[in-house]
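# Overview (structure and organization)
Letter by letter, the chains look like this.
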Amino acid sequence: MFGIDDIIGVGMKILDKVIPDPAAKAEAQAKLVELQQQGRLAELQADTAEAQELTKRAEADMASDSWLSKNIRPMTLIAILTGYFTFAMLSAFNIETNKSYVELLGQWGMLIMSFYFGGRTLEKIIDMKSRNKDDK
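The structure contained in this document is the topic of the report that follows. (Residues numbered from 1 in each chain as written. Predicted model: local features only at pLDDT ≥ 70, side-chain atom pairs only at ≥ 80, totals over all residues. Heavy atoms only, no water.)

Together, W67, L68, I72 and M75 make up an exposed nonpolar region whose accessible area comes to about 400 Å². By secondary structure assignment, the location of L68 is in helix α4 (residues 67–92). (Patch = residues over 30% accessible without salt bridge, like charges linked within 9 Å, V, L, I, M, F, W, Y side chains within 5 Å. Areas by Shrake-Rupley, 256 points an atom, 1.4 Å probe, with all protein chains shown as cover. Salt bridge = Lys/Arg side-chain N within 4 Å of Asp/Glu carboxyl O. Helix = DSSP H or I, 4+ residues; strand = E, 2+ residues; numbered from the N terminus.)

Set out below in structure tokens:
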């Protein structure tokens, strides 16, 4: 598990690479330190732990002998996107749809997409940090 100091170190390195302007970089680094002092980076640490748990869950699913365990998440994403697309097509042809269903499907779709695509970005950052720590 990574501590808050590790997260700060990764954040500082990212800021160094992303922000070329020294004044803007110093301001962003000061904001990061301020967040650390306010204790809000503990939330980020909890998010990191949650992402690692999601990864373990996905790995356990893939290690299972059950076809359903391996495919339930992608099938759910396909079903939700199909429903969302159906509502979009109905609305394109001026057929009245219940907006609350469309919003609900959109929220579910974003949740599932963030599992597939958002969590992977965080994992890559953690892997880079652990490789840098091992190299030292």
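What follows is about α4. For α4, with 26 residues, the first-to-last C-alpha span of 36 Å sits near the 38 Å given by 1.5 Å per residue. R73 marks where α4 bends most, by close to 35 degrees; the proline P74 follows one to four residues later. Taken together, the buried positions of α4 are L77, I80 and G83. The N-terminus of α4 is capped by S66, whose side-chain oxygen sits 3.3 Å from the backbone nitrogen of L68. Positioned one or two residues after α4, N94 has a phi angle of 60 degrees, which is positive. (Expected span 1.5 Å × (residues − 1). Bend = angle between axes of the 7 residues up to and from the residue. Buried < 20%, exposed > 50% of the residue type's maximum accessible area, 1.4 Å probe, protein only. Polar contact = N/O pair within 3.5 Å; in protein donor to acceptor, adjacent residues only side chain to side chain.)

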